[in-house]
Amino acid sequence: MAVNTSADAPMPVGEVSRLIGGWIDRLGAVWVEGQITQLSRRPGAGVVFLTLRDPSYDISVSVTCFRQVFDTVSDVVGEGARVVVLAKPEWYAPRGQLSLRAAEIRPVGVGELLARLEQLKKSLAAEGLFAPERKKALPFLPQLVGLVCGRASAAERDVLENARHRWPAVRFEVRNVPVQGVHAVPQVVQAVKELDALDEVDVIIVARGGGSVEDLLPFSDEQLVRAVAACRTPVVSAIGHEPDTPLLDYVADLRASTPTDAAKKVVPDVGEEYERVRMLRDRARRCVQGLVDREERGLAHALARPSMEDPHRMVDEREDQVAALLGRGRRTLGHLLDRADSELGHTHARVVALSPAATLKRGYAVLQRADGHVVRDPGEVAPQEALRARVAEGEFNVRVDVQE
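This section reports on the structure supplied with the text. What you see is a predicted model, and the numbers here were worked out from it, not measured in a lab.

1. Remarks on the pairing of strand 4 (residues 82-92)
Line of reasoning, step 1. The sheet contact formed by strand 1 (residues 30-40) and strand 4 spans six bridges and is antiparallel. When the sheet's bridge partners are listed, Gln35 is paired in strand 4 with Arg82.
Line of reasoning, step 2. By the bridge criterion, ten bridges tie strand 4 to strand 5 (residues 97-107) in an arrangement that is antiparallel. Bridging across to strand 5, Leu86 finds its partner in Glu104.
Line of reasoning, step 3. Two successive antiparallel strands, strand 4 and strand 5, enclose a turn made up of four residues, where Gly96 displays a positive phi of approximately 60°.

2. Re the sheet that holds strand 13 (residues 394-399)
Line of reasoning, step 1. Taken in spatial order, the three strands make up an open sheet running 11-12-13, and their pairing is antiparallel. Across the chains shown, the open sheet's two edge strands, defined by having one partner strand only, are strand 11 (366-368) and strand 13. Going from strand to strand, the sheet's axes swing by 30° on average, the running direction of each strand aside.
Line of reasoning, step 2. Relative to strand 12 (residues 386-391), strand 11 is paired through three bridges, and the arrangement is antiparallel. Of the residues in strand 12, the one forming a bridge with Gln368 is Arg388.

3. Focus: the side chain of Glu273
Line of reasoning, step 1. Positionally, Glu273 belongs in helix 9 (residues 270-303).
Line of reasoning, step 2. Each residue touching Glu273, except ones within four places of it in the same chain, is listed here: Phe140, Trp167 and Pro268.

4. A closer look at the packing of aromatic side chains
Line of reasoning, step 1. Counted under the stated rule, the structure contains one aromatic pair.
Line of reasoning, step 2. Arranged with centres 5.6 Å apart and planes meeting at 35°, the rings of Phe130 and Tyr250 form a pair that is tilted. Separated by 120 residues along the polypeptide, Phe130 in the loop between helix 3 (110-126) and strand 6 (144-149) and Tyr250 in helix 7 (residues 247-251) bring together distant segments of the chain.
Line of reasoning, step 3. Relative accessible area serves as the criterion here: at 14%, Phe130 is assigned to the buried category.
Line of reasoning, step 4. Assessed through its relative accessible area of 29%, Tyr250 is described here as partly exposed.
Line of reasoning, step 5. We note Arg101 situated over the ring of Phe66; from NZ or CZ to the ring centre the distance is 5.2 Å.

Rules used in this analysis
- Residues numbered from 1 in each chain as written.
- Predicted model: local features only at pLDDT ≥ 70, side-chain atom pairs only at ≥ 80, totals over all residues.
- Heavy atoms only, no water.
- Pairing = 2+ DSSP bridges.
- Helix = DSSP H or I, 4+ residues; strand = E, 2+ residues; numbered from the N terminus.
- Axes fitted to C-alpha atoms, helices over the stretch in contact; angles between N-to-C directions.
- Contact = heavy atoms within 4.5 Å.
- Phe/Tyr/Trp six-rings, centres within 6.5 Å; stacked < 30°, edge-to-face > 60°.
- Buried < 20%, exposed > 50% of the residue type's maximum accessible area, 1.4 Å probe, protein only.
- Lys NZ or Arg CZ within 6 Å of the ring centre and 35° of its normal.

Structure follows, in C-alpha coordinates:
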(Lines give C-alpha, C1' and ligand atoms only; values in the text may rest on other atoms or scores of the structure.)
Protein backbone atom coordinates (compact mmCIF):
# COMPACT_ATOMS: atom_id res chain seq x y z
CA MET A 1 0.00 0.00 0.00
CA ALA A 2 1.04 3.58 -0.47
CA VAL A 3 2.83 5.27 2.39
CA ASN A 4 2.30 8.97 3.20
CA THR A 5 5.61 10.70 3.71
CA SER A 6 6.98 14.21 3.28
CA ALA A 7 10.19 16.09 3.70
CA ASP A 8 9.00 17.08 7.11
CA ALA A 9 7.88 13.58 8.06
CA PRO A 10 10.32 11.17 6.38
CA MET A 11 10.34 7.37 6.94
CA PRO A 12 13.38 5.79 8.58
CA VAL A 13 15.52 3.48 6.46
CA GLY A 14 14.80 0.53 8.70
CA GLU A 15 11.07 1.01 8.26
CA VAL A 16 11.43 1.23 4.50
CA SER A 17 13.48 -1.96 4.48
CA ARG A 18 10.93 -3.67 6.71
CA LEU A 19 8.05 -2.66 4.44
CA ILE A 20 9.94 -3.83 1.31
CA GLY A 21 10.58 -7.17 3.02
CA GLY A 22 6.93 -7.54 3.81
CA TRP A 23 5.89 -6.82 0.24
CA ILE A 24 8.45 -9.35 -1.11
CA ASP A 25 7.32 -12.04 1.34
CA ARG A 26 3.84 -11.81 -0.18
CA LEU A 27 5.18 -12.81 -3.66
CA GLY A 28 5.63 -16.50 -2.76
CA ALA A 29 7.67 -18.92 -4.92
CA VAL A 30 8.12 -18.07 -8.61
CA TRP A 31 9.75 -19.74 -11.67
CA VAL A 32 12.62 -17.62 -12.94
CA GLU A 33 14.61 -18.13 -16.16
CA GLY A 34 18.11 -16.76 -16.70
CA GLN A 35 21.76 -17.44 -17.40
CA ILE A 36 24.26 -18.38 -14.72
CA THR A 37 27.13 -15.88 -14.77
CA GLN A 38 28.82 -16.60 -11.47
CA LEU A 39 28.95 -19.83 -9.51
CA SER A 40 30.51 -20.37 -6.09
CA ARG A 41 30.69 -23.80 -4.47
CA ARG A 42 32.93 -23.66 -1.46
CA PRO A 43 34.26 -27.03 -0.26
CA GLY A 44 32.38 -28.19 2.80
CA ALA A 45 29.78 -25.40 2.59
CA GLY A 46 26.14 -26.44 2.62
CA VAL A 47 24.99 -23.48 0.49
CA VAL A 48 25.81 -22.73 -3.17
CA PHE A 49 25.88 -19.11 -4.40
CA LEU A 50 25.23 -18.14 -8.00
CA THR A 51 24.20 -15.10 -10.04
CA LEU A 52 21.28 -15.32 -12.44
CA ARG A 53 21.37 -12.81 -15.29
CA ASP A 54 18.84 -11.74 -17.90
CA PRO A 55 20.97 -11.29 -21.05
CA SER A 56 18.23 -9.28 -22.79
CA TYR A 57 18.09 -6.55 -20.19
CA ASP A 58 21.49 -6.93 -18.49
CA ILE A 59 19.86 -7.45 -15.08
CA SER A 60 21.20 -9.86 -12.48
CA VAL A 61 19.95 -11.27 -9.21
CA SER A 62 21.69 -13.33 -6.57
CA VAL A 63 20.49 -16.87 -5.97
CA THR A 64 21.27 -19.23 -3.11
CA CYS A 65 20.39 -22.89 -2.72
CA PHE A 66 21.30 -25.83 -0.61
CA ARG A 67 24.06 -28.06 -2.01
CA GLN A 68 21.63 -30.99 -2.32
CA VAL A 69 19.52 -28.92 -4.73
CA PHE A 70 22.47 -28.01 -6.95
CA ASP A 71 24.11 -31.49 -6.89
CA THR A 72 21.19 -32.94 -8.86
CA VAL A 73 22.22 -30.86 -11.91
CA SER A 74 25.88 -30.21 -11.20
CA ASP A 75 26.99 -32.52 -14.06
CA VAL A 76 25.27 -30.42 -16.73
CA VAL A 77 24.96 -26.94 -15.19
CA GLY A 78 27.83 -24.46 -14.95
CA GLU A 79 28.66 -20.87 -15.70
CA GLY A 80 26.99 -19.77 -18.94
CA ALA A 81 24.17 -22.31 -18.72
CA ARG A 82 20.57 -21.21 -19.09
CA VAL A 83 18.33 -22.56 -16.36
CA VAL A 84 14.82 -22.35 -14.94
CA VAL A 85 14.72 -21.91 -11.18
CA LEU A 86 11.86 -22.36 -8.74
CA ALA A 87 12.76 -19.79 -6.06
CA LYS A 88 11.32 -17.78 -3.20
CA PRO A 89 12.34 -14.07 -3.20
CA GLU A 90 14.07 -13.02 0.00
CA TRP A 91 14.95 -9.56 1.32
CA TYR A 92 17.99 -9.12 3.52
CA ALA A 93 16.94 -6.08 5.52
CA PRO A 94 20.30 -5.13 7.14
CA ARG A 95 21.87 -4.62 3.71
CA GLY A 96 18.78 -3.92 1.70
CA GLN A 97 19.65 -6.79 -0.65
CA LEU A 98 17.26 -8.91 -2.74
CA SER A 99 18.05 -12.55 -3.48
CA LEU A 100 16.30 -15.74 -4.46
CA ARG A 101 16.26 -18.96 -2.46
CA ALA A 102 16.12 -21.76 -5.06
CA ALA A 103 14.23 -24.95 -4.30
CA GLU A 104 14.68 -26.53 -7.76
CA ILE A 105 16.95 -25.93 -10.75
CA ARG A 106 16.28 -27.17 -14.27
CA PRO A 107 18.43 -26.79 -17.39
CA VAL A 108 16.78 -25.06 -20.32
CA GLY A 109 16.98 -26.18 -23.98
CA VAL A 110 20.33 -27.79 -24.69
CA GLY A 111 21.03 -28.06 -21.01
CA GLU A 112 17.88 -30.10 -20.50
CA LEU A 113 18.84 -32.34 -23.43
CA LEU A 114 22.29 -32.82 -22.05
CA ALA A 115 20.83 -33.71 -18.67
CA ARG A 116 18.70 -36.43 -20.20
CA LEU A 117 21.66 -37.71 -22.20
CA GLU A 118 23.78 -37.76 -19.08
CA GLN A 119 21.21 -39.85 -17.28
CA LEU A 120 21.03 -42.27 -20.23
CA LYS A 121 24.81 -42.41 -20.36
CA LYS A 122 24.99 -43.37 -16.68
CA SER A 123 22.32 -46.04 -17.16
CA LEU A 124 24.05 -47.63 -20.16
CA ALA A 125 27.44 -47.45 -18.48
CA ALA A 126 26.02 -49.27 -15.49
CA GLU A 127 25.01 -52.09 -17.85
CA GLY A 128 28.62 -52.37 -19.02
CA LEU A 129 28.02 -51.28 -22.62
CA PHE A 130 30.94 -48.83 -22.47
CA ALA A 131 33.39 -51.20 -20.74
CA PRO A 132 36.89 -51.24 -22.34
CA GLU A 133 37.02 -55.04 -22.31
CA ARG A 134 34.11 -55.13 -24.78
CA LYS A 135 36.06 -53.17 -27.39
CA LYS A 136 37.14 -55.16 -30.45
CA ALA A 137 40.44 -54.57 -32.21
CA LEU A 138 40.35 -53.19 -35.76
CA PRO A 139 41.92 -55.31 -38.54
CA PHE A 140 45.31 -54.13 -39.75
CA LEU A 141 44.30 -54.02 -43.43
CA PRO A 142 40.51 -54.22 -44.03
CA GLN A 143 39.59 -55.52 -47.47
CA LEU A 144 36.03 -54.14 -47.36
CA VAL A 145 34.94 -51.19 -45.21
CA GLY A 146 31.29 -50.51 -44.42
CA LEU A 147 30.33 -46.82 -44.36
CA VAL A 148 27.10 -45.35 -42.96
CA CYS A 149 26.70 -41.64 -43.79
CA GLY A 150 24.49 -39.03 -45.39
CA ARG A 151 24.00 -39.03 -49.15
CA ALA A 152 26.57 -36.90 -51.02
CA SER A 153 27.77 -35.56 -47.67
CA ALA A 154 31.12 -34.04 -46.84
CA ALA A 155 31.64 -36.86 -44.35
CA GLU A 156 31.30 -39.46 -47.12
CA ARG A 157 33.69 -37.58 -49.37
CA ASP A 158 36.26 -37.14 -46.59
CA VAL A 159 36.26 -40.82 -45.67
CA LEU A 160 36.40 -42.15 -49.25
CA GLU A 161 39.02 -39.73 -50.54
CA ASN A 162 41.35 -40.00 -47.56
CA ALA A 163 41.07 -43.77 -47.34
CA ARG A 164 41.76 -44.30 -51.06
CA HIS A 165 44.61 -41.84 -50.93
CA ARG A 166 46.20 -43.85 -48.13
CA TRP A 167 45.48 -47.30 -49.60
CA PRO A 168 44.17 -47.23 -53.20
CA ALA A 169 43.05 -50.88 -53.16
CA VAL A 170 40.56 -50.45 -50.30
CA ARG A 171 36.91 -51.11 -51.14
CA PHE A 172 33.78 -49.62 -49.53
CA GLU A 173 30.22 -50.80 -48.98
CA VAL A 174 28.30 -47.51 -48.53
CA ARG A 175 24.88 -47.10 -46.97
CA ASN A 176 23.42 -43.57 -47.45
CA VAL A 177 20.88 -42.72 -44.75
CA PRO A 178 19.37 -39.60 -43.15
CA VAL A 179 21.70 -38.43 -40.38
CA GLN A 180 19.20 -36.15 -38.61
CA GLY A 181 15.46 -35.89 -38.22
CA VAL A 182 12.78 -38.37 -37.23
CA HIS A 183 13.86 -41.04 -39.74
CA ALA A 184 17.56 -40.99 -38.89
CA VAL A 185 17.66 -43.47 -36.02
CA PRO A 186 15.76 -46.43 -37.60
CA GLN A 187 17.62 -46.11 -40.91
CA VAL A 188 21.05 -45.79 -39.31
CA VAL A 189 20.30 -48.82 -37.13
CA GLN A 190 19.11 -50.78 -40.18
CA ALA A 191 22.25 -49.85 -42.15
CA VAL A 192 24.54 -50.91 -39.31
CA LYS A 193 22.77 -54.26 -38.99
CA GLU A 194 22.95 -54.88 -42.76
CA LEU A 195 26.68 -54.22 -42.86
CA ASP A 196 27.28 -56.31 -39.75
CA ALA A 197 25.50 -59.23 -41.43
CA LEU A 198 27.94 -59.19 -44.38
CA ASP A 199 30.83 -61.56 -43.66
CA GLU A 200 33.17 -59.76 -46.08
CA VAL A 201 32.84 -56.42 -44.22
CA ASP A 202 35.84 -56.09 -41.88
CA VAL A 203 34.98 -52.80 -40.15
CA ILE A 204 32.06 -50.34 -40.08
CA ILE A 205 32.39 -46.53 -39.98
CA VAL A 206 29.43 -44.39 -38.89
CA ALA A 207 30.22 -40.85 -40.03
CA ARG A 208 28.55 -37.44 -39.90
CA GLY A 209 29.79 -33.87 -40.12
CA GLY A 210 29.48 -31.30 -37.39
CA GLY A 211 26.24 -29.85 -36.09
CA SER A 212 24.37 -28.63 -33.05
CA VAL A 213 23.50 -30.82 -30.10
CA GLU A 214 20.00 -31.26 -31.50
CA ASP A 215 21.43 -32.33 -34.89
CA LEU A 216 23.60 -34.99 -33.30
CA LEU A 217 20.86 -36.41 -31.06
CA PRO A 218 20.18 -39.46 -33.31
CA PHE A 219 23.68 -40.72 -32.55
CA SER A 220 22.92 -40.69 -28.82
CA ASP A 221 19.74 -42.71 -29.24
CA GLU A 222 19.51 -45.75 -26.99
CA GLN A 223 18.33 -47.99 -29.84
CA LEU A 224 21.39 -47.16 -31.93
CA VAL A 225 23.74 -47.56 -28.97
CA ARG A 226 22.40 -51.06 -28.26
CA ALA A 227 22.55 -52.03 -31.94
CA VAL A 228 26.22 -51.05 -32.13
CA ALA A 229 26.96 -52.87 -28.86
CA ALA A 230 25.50 -56.05 -30.40
CA CYS A 231 27.65 -55.87 -33.56
CA ARG A 232 30.23 -58.61 -34.13
CA THR A 233 32.08 -56.33 -36.59
CA PRO A 234 34.28 -53.55 -35.15
CA VAL A 235 32.51 -50.16 -35.34
CA VAL A 236 34.22 -46.76 -35.62
CA SER A 237 32.34 -43.62 -34.57
CA ALA A 238 33.18 -40.46 -36.55
CA ILE A 239 30.47 -38.00 -35.55
CA GLY A 240 30.89 -34.23 -35.66
CA HIS A 241 34.09 -32.52 -34.60
CA GLU A 242 36.54 -33.00 -31.75
CA PRO A 243 34.35 -31.49 -28.97
CA ASP A 244 31.25 -33.49 -30.01
CA THR A 245 30.76 -36.65 -27.96
CA PRO A 246 27.47 -38.45 -28.69
CA LEU A 247 26.84 -41.70 -26.85
CA LEU A 248 27.85 -43.60 -29.98
CA ASP A 249 31.45 -42.56 -29.23
CA TYR A 250 31.36 -44.46 -25.93
CA VAL A 251 29.93 -47.73 -27.25
CA ALA A 252 31.95 -47.84 -30.50
CA ASP A 253 35.12 -49.90 -30.60
CA LEU A 254 37.06 -46.81 -31.70
CA ARG A 255 36.25 -43.09 -31.62
CA ALA A 256 37.52 -40.83 -34.39
CA SER A 257 37.43 -37.08 -33.89
CA THR A 258 36.33 -36.44 -37.50
CA PRO A 259 35.43 -38.49 -40.61
CA THR A 260 38.91 -37.74 -41.96
CA ASP A 261 40.44 -39.06 -38.76
CA ALA A 262 38.35 -42.21 -39.13
CA ALA A 263 39.81 -42.90 -42.57
CA LYS A 264 43.32 -42.49 -41.17
CA LYS A 265 42.68 -44.82 -38.25
CA VAL A 266 40.95 -47.55 -40.26
CA VAL A 267 43.15 -47.72 -43.37
CA PRO A 268 46.98 -47.84 -43.17
CA ASP A 269 49.07 -45.52 -45.31
CA VAL A 270 50.73 -47.42 -48.16
CA GLY A 271 53.75 -45.10 -48.10
CA GLU A 272 54.23 -45.51 -44.36
CA GLU A 273 53.85 -49.29 -44.61
CA TYR A 274 56.33 -49.43 -47.48
CA GLU A 275 58.82 -47.44 -45.40
CA ARG A 276 58.17 -49.72 -42.41
CA VAL A 277 58.80 -52.79 -44.58
CA ARG A 278 62.01 -51.22 -45.89
CA MET A 279 63.20 -50.48 -42.38
CA LEU A 280 62.38 -54.01 -41.22
CA ARG A 281 64.13 -55.47 -44.27
CA ASP A 282 67.23 -53.37 -43.54
CA ARG A 283 67.11 -54.42 -39.92
CA ALA A 284 66.83 -58.09 -40.93
CA ARG A 285 69.74 -57.68 -43.33
CA ARG A 286 71.86 -56.13 -40.59
CA CYS A 287 70.94 -58.93 -38.20
CA VAL A 288 71.84 -61.63 -40.74
CA GLN A 289 75.06 -59.84 -41.68
CA GLY A 290 75.98 -59.54 -38.02
CA LEU A 291 75.32 -63.25 -37.53
CA VAL A 292 77.45 -64.15 -40.57
CA ASP A 293 80.26 -61.87 -39.41
CA ARG A 294 80.19 -63.39 -35.94
CA GLU A 295 80.31 -66.93 -37.34
CA GLU A 296 83.15 -65.97 -39.69
CA ARG A 297 85.13 -64.63 -36.76
CA GLY A 298 84.47 -67.81 -34.83
CA LEU A 299 85.55 -69.92 -37.80
CA ALA A 300 88.71 -67.87 -38.26
CA HIS A 301 89.51 -68.27 -34.56
CA ALA A 302 89.01 -72.04 -34.83
CA LEU A 303 91.19 -72.27 -37.95
CA ALA A 304 93.93 -70.32 -36.18
CA ARG A 305 94.34 -73.07 -33.57
CA PRO A 306 97.55 -75.18 -33.98
CA SER A 307 95.59 -78.38 -34.47
CA MET A 308 93.78 -76.84 -37.43
CA GLU A 309 96.77 -75.05 -38.97
CA ASP A 310 98.90 -78.28 -39.05
CA PRO A 311 96.59 -81.29 -38.62
CA HIS A 312 99.54 -83.79 -39.05
CA ARG A 313 101.53 -82.26 -36.25
CA MET A 314 99.81 -84.35 -33.60
CA VAL A 315 100.33 -87.50 -35.73
CA ASP A 316 103.97 -86.70 -36.26
CA GLU A 317 104.44 -86.11 -32.54
CA ARG A 318 102.98 -89.58 -31.83
CA GLU A 319 104.78 -91.41 -34.67
CA ASP A 320 107.87 -92.46 -32.66
CA GLN A 321 105.69 -93.50 -29.75
CA VAL A 322 103.49 -95.58 -32.04
CA ALA A 323 106.60 -97.15 -33.70
CA ALA A 324 108.06 -98.07 -30.30
CA LEU A 325 104.77 -99.58 -29.18
CA LEU A 326 104.53 -101.47 -32.49
CA GLY A 327 108.07 -102.92 -32.10
CA ARG A 328 107.38 -103.88 -28.52
CA GLY A 329 104.18 -105.54 -29.57
CA ARG A 330 105.92 -107.50 -32.32
CA ARG A 331 108.70 -108.69 -29.98
CA THR A 332 106.20 -109.71 -27.36
CA LEU A 333 104.13 -111.60 -29.92
CA GLY A 334 107.29 -113.25 -31.32
CA HIS A 335 108.31 -114.49 -27.87
CA LEU A 336 104.82 -115.84 -27.30
CA LEU A 337 104.83 -117.62 -30.67
CA ASP A 338 108.31 -119.11 -30.08
CA ARG A 339 107.27 -120.39 -26.68
CA ALA A 340 104.10 -121.84 -28.06
CA ASP A 341 106.03 -123.49 -30.94
CA SER A 342 108.47 -125.11 -28.50
CA GLU A 343 105.63 -126.38 -26.31
CA LEU A 344 103.86 -127.69 -29.39
CA GLY A 345 107.02 -129.55 -30.52
CA HIS A 346 107.40 -131.23 -27.17
CA THR A 347 103.76 -132.14 -27.05
CA HIS A 348 103.93 -133.55 -30.60
CA ALA A 349 106.94 -135.69 -29.70
CA ARG A 350 105.15 -137.13 -26.67
CA VAL A 351 102.07 -137.79 -28.72
CA VAL A 352 104.07 -139.55 -31.43
CA ALA A 353 105.92 -141.62 -28.86
CA LEU A 354 102.70 -142.71 -27.26
CA SER A 355 100.76 -143.30 -30.48
CA PRO A 356 99.72 -146.86 -31.61
CA ALA A 357 101.67 -146.40 -34.85
CA ALA A 358 104.91 -146.02 -32.92
CA THR A 359 104.14 -149.20 -31.04
CA LEU A 360 103.48 -151.05 -34.28
CA LYS A 361 106.80 -149.87 -35.67
CA ARG A 362 108.49 -151.59 -32.78
CA GLY A 363 107.17 -154.98 -34.06
CA TYR A 364 103.81 -155.20 -32.39
CA ALA A 365 100.57 -156.16 -34.19
CA VAL A 366 96.90 -155.52 -33.52
CA LEU A 367 94.40 -158.38 -34.08
CA GLN A 368 90.82 -157.51 -35.00
CA ARG A 369 87.83 -159.78 -35.37
CA ALA A 370 85.58 -159.58 -38.37
CA ASP A 371 83.29 -157.10 -36.63
CA GLY A 372 86.26 -154.77 -35.98
CA HIS A 373 86.68 -155.42 -32.26
CA VAL A 374 90.25 -155.70 -31.02
CA VAL A 375 91.25 -159.08 -29.53
CA ARG A 376 92.59 -158.62 -26.03
CA ASP A 377 92.11 -162.15 -24.58
CA PRO A 378 92.68 -165.59 -26.24
CA GLY A 379 89.41 -166.70 -24.84
CA GLU A 380 87.61 -164.16 -27.07
CA VAL A 381 88.45 -166.17 -30.28
CA ALA A 382 87.35 -169.58 -31.51
CA PRO A 383 89.44 -172.17 -33.30
CA GLN A 384 89.77 -171.61 -36.99
CA GLU A 385 88.28 -168.05 -36.65
CA ALA A 386 89.58 -165.64 -39.25
CA LEU A 387 91.22 -162.55 -37.84
CA ARG A 388 92.88 -159.49 -39.32
CA ALA A 389 96.36 -158.52 -38.19
CA ARG A 390 97.48 -154.90 -38.47
CA VAL A 391 101.22 -154.13 -38.42
CA ALA A 392 103.26 -150.94 -38.99
CA GLU A 393 103.46 -151.31 -42.75
CA GLY A 394 99.98 -152.75 -43.43
CA GLU A 395 97.65 -155.58 -42.49
CA PHE A 396 96.93 -159.23 -43.39
CA ASN A 397 94.54 -162.07 -42.52
CA VAL A 398 95.32 -164.85 -40.05
CA ARG A 399 93.41 -167.89 -38.75
CA VAL A 400 93.32 -169.16 -35.20
CA ASP A 401 95.07 -172.57 -34.83
CA VAL A 402 94.03 -175.24 -32.35
CA GLN A 403 96.15 -175.31 -29.27
CA GLU A 404 96.69 -178.38 -27.10
